[in-house]
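# Summary of structural features
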Amino acid sequence: MRSLSPRGRPRGFDAERALDAAVEVFWRHGYEGASLDDLTRAMGINRPSLYAAFGNKEQLFRAAVARYAEVDMAYAREALAEPTAAQVATSLLRRNVEAVTRPGQPAGCLTVQGGTACSAGNEAIAEFLAASRLAGERELAERFARAVADGDLPADADTAGLARFVMMVAEGNAVHAAAGVSAEQLLAATEIALSVFLTHEASVRG
């Protein structure tokens, strides 16, 4: 993110607060649905100040996704620190349900809904979000690989497959939350998914 020039800085400008406002606009409307008028109104700045602080709309969106990952996805990083693979999956998926249904914020997930149905010319946004999701999946696979090295998972565990399964459940939760499915219903489905994960883990152990 570029620093504001003295000329472009409005009085009392708070870059983080403005970025948080942009996160919510993109989250609610997606990349294409969020107009510059929507963004500047929510952020409390004019267009020159937006350009000076964040660059163009695409650069602002990328900064918003990074901010979302830092703040709203903190639970995922915390889950990776759990001591066992089972606890990692359990923490990540249960807290994912909380995150995608939290009162006072848009339902779903910015990285899932933010770039859906991008038109020609904005393919880079959809590709950027897909890459972001796959990066999270790789981190989870690496955590499961450490579980293999630690003896927590068996040597022949499909760590990439386990990570993909967990991420598919999390992304499905986001899609269903955006469609109005309640936290209670999502949690019930998540517990079924976790039972499958734990049963698979036990069967692989033999």
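Summary of the structure given here.

### Considerations on the overall build of the protein
Each helix and strand in the protein was counted, giving 10 helices and 0 strands. For the protein, the sequential pattern of α-helices and β-strands runs α-α-α-α-α-α-α-α-α-α. Looking at the protein as a whole, 44% of its 206 residues qualify as buried. Counting only carbon and sulfur atoms, one obtains 53% of the accessible surface of the protein, whose full area is about 10,600 Å².

### A word on the packing of aromatic side chains
Following the criterion strictly, the structure yields 6 aromatic pairs and no others. Ring plane angle 85° and centroid distance 5.0 Å describe the contact between Trp27 and Tyr68, whose orientation is recorded as edge-to-face. Remark: Tyr68 occurs in helix α4 (residues 57-71) and Trp27 occurs in helix α1 (residues 15-33); sequence separation between them is 41 residues. Relative to Phe128, the ring of Phe61 lies with its centre 6.3 Å away and its plane at 75°, an arrangement referred to as edge-to-face. On the criterion of sequence distance, the pair formed by Phe61 in helix α4 and Phe128 in helix α8 (residues 123-149) is long-range, its members being 67 residues apart. Each member of the pair, Phe61 as well as Phe128, is classed as buried. Here the aromatic cluster, defined as three or more aromatic residues joined through ring pairs, consists of Phe26, Tyr31, Phe61 and Phe128. Residue placement shows Lys57 over the ring face of Tyr31; its charged tip is 4.6 Å from the ring centre.

### Some points on helix α3 (residues 47-54)
Those residues of α3 not exposed but buried are Ser49, Leu50, Ala52, Ala53 and Phe54. Along α3, the residues classed as buried sweep out an arc of 165° about the axis, all on the same side. Structurally, α3 contributes buried residues whose contacts are with α1, α2 (36-43) and α4. Positive backbone phi, at 90°, marks Gly55, one or two positions downstream of α3.

Rules of the game
- Residues numbered from 1 in each chain as written.
- Predicted model: local features only at pLDDT ≥ 70, side-chain atom pairs only at ≥ 80, totals over all residues.
- Heavy atoms only, no water.
- Helix = DSSP H or I, 4+ residues; strand = E, 2+ residues; numbered from the N terminus.
- Buried < 20%, exposed > 50% of the residue type's maximum accessible area, 1.4 Å probe, protein only.
- Areas by Shrake-Rupley, 256 points an atom, 1.4 Å probe, with all protein chains shown as cover.
- Phe/Tyr/Trp six-rings, centres within 6.5 Å; stacked < 30°, edge-to-face > 60°.
- Lys NZ or Arg CZ within 6 Å of the ring centre and 35° of its normal.
- Arc of directions from axis to C-beta.
- Contact = heavy atoms within 4.5 Å.

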